[in-house]
Amino acid sequence: MDTAQEVYFSDSTLLGYGITGAVYIMLPVIAFYIMHRYNAARLWHVIVGVVTYFISTRLSDACVLLTLSSASAAQKQVAAAELVGVFEETGRFLAMRFALSDIHSPRGAVCYGIGHAGLECWIRGVQRFQLIGYGREIDRVGIAEFLSGVTPERAAELTEVYRRYAEKNIFLSFLDQLTAVTGFGVHIALSLLIYKKLIADHPRFRWLAAAIGLHYALNAVSYVASLSGSLLLTDLAVLACGVGIIALVYRLINGREVADEILYPEL
């Protein structure tokens, strides 16, 4: 393999992935602890969120496999990323409507969001730690040896993927950590949006469409920005979109009032 195609993971890059992985793992734990401090933690609602996220993402993947069986792996990945919002937000609504979930307050909605976002965070955290292992192995044996046994076309594709991973310096990892926190906040915000607009109030299904649209917008911005090939631009675009979604939902549900309901339910 040409030396121009070699890939090397620096120590700072691997450190960044380690810190980012730890942030992903700790986010739901910290969120649950904060809710516990205010006597607002509900483990059952967290479990409902975890189960719903798992089921909705598996249904989305199955739908993509059935409808796009002849598409390439990259096309399936893009389709799944854009379609998953429909399944996740519909699942979020149905889970809250289902009597067994017992979600009857903003506190319950937040705990649901912690579970829903938490499983996603843990999956991404594990992926970051796996990248550390892959990076060390690539540094040890070289990218050609690491990709031995795959077709030349697949090897070229994976080489480009790992090169982009190797280009993520410590500053970009810091931006990744900010987008992780923001993405977690988006899930909490969408959980509160659906609870306030579809569960607490008389259901108006345009709000379900709004939640799906906001979820889709975040995934679409990430994909479109990634086409630039700039990791910095992609992170900044996702960060800006996520903050915008949180701010919009805060305004739509009267966030100050909702926060008071969570912190001071007895008032």
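Residues numbered from 1 in each chain as written. Predicted model: local features only at pLDDT ≥ 70, side-chain atom pairs only at ≥ 80, totals over all residues. Heavy atoms only, no water.

*Asks:* When you look at the nonpolar core in this model, what are you seeing that I'm missing?
*Replies:* Soluble globular proteins: nonpolar side chains tend toward being buried together. Formed by 44 residues in total, the largest nonpolar core has its most connected members in Met35, Met96, Ile114, Phe184 and Leu193. Those elements giving two or more residues to this core turn out to be helix H1 (11-37), helix H2 (43-67), helix H3 (73-97), helix H4 (106-141), helix H7 (170-200), helix H8 (206-226), helix H9 (231-252) and helix H10 (255-263). The greatest single-element share of this core, amounting to 12 residues, is contributed by H7. Beyond its immediate stretch of four places on either side in the chain, leucine 193 contacts Leu198, Trp207, Ala211, Leu214, Val249, Leu252 and Ile253. (Core = buried A, V, L, I, M, F, W, Y, C linked by side-chain atoms within 4.5 Å. Buried < 20%, exposed > 50% of the residue type's maximum accessible area, 1.4 Å probe, protein only. Helix = DSSP H or I, 4+ residues; strand = E, 2+ residues; numbered from the N terminus. Contact = heavy atoms within 4.5 Å.)

*Asks:* For this particular structure, what's the right way to read the packing of aromatic side chains?
*Replies:* Centre distance and the angle of the planes are the two values used to describe a pair of aromatic rings. Scanning the model with the defined rule gives 5 aromatic pairs in all. When the ring of tyrosine 134 is compared with that of tyrosine 162, the centres are 6.2 Å apart and the planes differ by 80°; the resulting orientation is edge-to-face. Within this pair, whereas tyrosine 134 is found in helix H4, its partner tyrosine 162 is found in helix H6 (residues 152-166), the two being separated by 28 residues in sequence. Judged by its relative accessible area of 35%, tyrosine 134 is partly exposed. (Phe/Tyr/Trp six-rings, centres within 6.5 Å; stacked < 30°, edge-to-face > 60°.)

*Asks:* When you look at H2 in this model, what are you seeing that I'm missing?
*Replies:* What sets the pattern is the α-helix's 3.6 residues per turn: residues three or four places apart point alike. With 25 residues, H2 extends 36 Å from end C-alpha to end C-alpha; this agrees with the ideal 36 Å at 1.5 Å per step. Taken residue by residue, H2 has His45, Val46, Val48, Gly49, Thr52, Tyr53, Ser56, Thr57, Ser60 and Val64 as its buried positions. (Expected span 1.5 Å × (residues − 1).)

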